[in-house]
Amino acid sequence: TEYLQFEVGSVFNYIPTNLFKYFSNFRGFIAYNTSTTTIVTDAFNHCPLLQVLYIYNSPFEVLPAGFAQTCEQIFYIEIQHNLLSYIDREAFRGLKYVQNILLANNKITCLPLGLFDHTPELRTVSFAFNNIVALDPNTFANMPYITEINFSNCELKLLPNLNLACTGVVFGLNLILSDNPISA
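Residues numbered from 1 in each chain as written. Predicted model: local features only at pLDDT ≥ 70, side-chain atom pairs only at ≥ 80, totals over all residues. Heavy atoms only, no water.

## Quick look at the overall build of the protein
Okay, so step 1: Along the backbone of the protein there are zero helices and twelve strands.
Okay, so step 2: Ordered by position from N to C terminus, the α and β elements of the protein give β-β-β-β-β-β-β-β-β-β-β-β.
Okay, so step 3: Looking at the protein as a whole, 45% of its 184 residues qualify as buried.
Okay, so step 4: For the protein, restricting intrachain contacts to residue pairs at least 6 apart in sequence, the fraction spanning at least 24 positions comes to 62%.
Okay, so step 5: If you sum the accessible surface of the protein, you get close to 8500 Å²; carbon and sulfur atoms cover 53% of it. (Helix = DSSP H or I, 4+ residues; strand = E, 2+ residues; numbered from the N terminus. Buried < 20%, exposed > 50% of the residue type's maximum accessible area, 1.4 Å probe, protein only. Contact = heavy atoms within 4.5 Å. Areas by Shrake-Rupley, 256 points an atom, 1.4 Å probe, with all protein chains shown as cover.)

## Side note on the packing of aromatic side chains
Okay, so step 1: Counting across every chain of the model gives ten aromatic pairs.
Okay, so step 2: Seen in terms of ring centroids, F140 and F151 are 6.0 Å apart; in terms of plane orientation they differ by 70°. Their pairing is edge-to-face. Taken together, the residues F140 in the loop between β10 (124–126) and β11 (148–150) and F151 in the loop between β11 and β12 (174–176) connect sequence positions eleven residues apart.
Okay, so step 3: Take F151: its relative accessible area is 0%, and that puts it in the buried class.
Okay, so step 4: Members of the aromatic cluster, joined through ring pairs, are F29, F44, F67, F92, F116, F127, F140 and F151. (Phe/Tyr/Trp six-rings, centres within 6.5 Å; stacked < 30°, edge-to-face > 60°.)

## So, the side chain of T139
Okay, so step 1: By secondary structure assignment, the location of T139 is in the loop between β10 and β11.
Okay, so step 2: In this structure T139 comes out as buried when scored by relative accessible area, which is 6%.
Okay, so step 3: A polar side-chain atom of T139 sits 2.8 Å from the main-chain carbonyl oxygen of D136.
Okay, so step 4: In contact with T139, not counting residues within four places along its chain, are L111, L113 and F116. (Polar contact = N/O pair within 3.5 Å; in protein donor to acceptor, adjacent residues only side chain to side chain.)

## Brief notes about the pairing of strand β3 (residues 28–32)
Okay, so step 1: Within β3, four of the five residues are buried, which leaves the element mostly enclosed by the surrounding structure.
Okay, so step 2: Direction of pairing for β3 relative to strand β5 (residues 52–56): parallel, over a ladder of five bridges. Pairing of F29 across the sheet is with L53, part of β5. (Pairing = 2+ DSSP bridges.)

## A closer look at unusual backbone geometry
Okay, so step 1: Phi is positive for N33, close to 55°, though the residue is something other than glycine.
Okay, so step 2: With respect to the secondary-structure elements, N33 resides in the loop between β3 and β4 (38–39).
Okay, so step 3: Notably, N105 is not glycine yet its phi reads approximately 55°, a positive angle.
Okay, so step 4: Looking at the element boundaries, N105 is found in the loop between β9 (100–102) and β10.
Okay, so step 5: Judged by its relative accessible area of 27%, N105 falls in the partly exposed class.

## Re the state of the cysteines
Okay, so step 1: All told, the structure shown has zero disulfides when counted by the stated rule.
Okay, so step 2: Considering cysteine sulfurs only, C71 is the nearest to C47, which forms no disulfide, with 5.4 Å between them. (Disulfide = S-S within 2.5 Å.)

## Focus on the pattern of salt bridges
Okay, so step 1: Evaluation of the coordinates by the stated rule reveals four salt bridges.
Okay, so step 2: Among the salt bridges present, the one from E90 reaches R89, with a minimum N-O distance of 2.6 Å.
Okay, so step 3: The exposure class of E90 is buried, given its relative accessible area of 18%.
Okay, so step 4: With a closest N to O distance of 3.6 Å, D117 and R89 form a salt bridge. Placement of D117 in the loop between β9 and β10 and of R89 in the loop between β8 (86–87) and β9 is noted, with a sequence separation of 28 residues between them. (Salt bridge = Lys/Arg side-chain N within 4 Å of Asp/Glu carboxyl O.)

## A closer look at the confidence of the model for the protein
Fine structural detail should not be taken from predicted coordinates in areas where pLDDT scores are low.
Okay, so step 1: For the protein, per-residue confidence averages 84 on the pLDDT scale, and residues scoring 70 or more make up 82% of the total.
Okay, so step 2: Here strand β2 (residues 14–15) stands out as the least confident element of the protein, with mean pLDDT 60; β9 is the most confident, with 98. (pLDDT = per-residue confidence, 0-100.)

## Examining the pairing of strand β7 (residues 76–80)
Okay, so step 1: Of all five residues making up β7, five are buried, and the element is well covered by its neighbours.
Okay, so step 2: Where burial is concerned, the two faces of β7 agree: the one with Y76, E78 and Q80 and the one with I77 and I79 are both buried.
Okay, so step 3: Bridge analysis of β5 against β7 gives five bridges, and the strand direction is parallel. Bridging from a neighbouring strand, Y56 pairs with Q80 of β7.
Okay, so step 4: One ladder, built from three bridges, connects β7 with β9; its direction is parallel.

Right under this line is the structure:
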């Protein structure tokens, strides 16, 4: 099985640790319009070959620590159009090869310091259309390959002097801040 797909009407209220015990070889997980309200820590721990993760339009609110930490091959995460409001500081632990994290159109209000400490290969991150009001200057400090950070249509009122000195591509960084109430 290459991809597992859950669609409209899926009755999984939560994604438990052992849900994928017998599907350990799939490379992609797609869930949309489900009733999933909870993703537990280590939810994908039986999925060592997982490379792509999509979760759309589901009512879950928390992205827990290490939810996919044994998925070392994962390179693309798209969790959009959900009710996600809280991301644990260790949510992306173990995801050392992830290159794209798209978390647009959720209810996120803040990013914990250290959120990206375990994602050295990250190139693109999007928090567009969330309720983020402020950023810590060190949020993106240890991301040597980052090329795009999208905070369009958030609630940013003040932009700190972001510590991007550690990034190897500062001059090629596309920082998208359109439609925010940023003060000069």
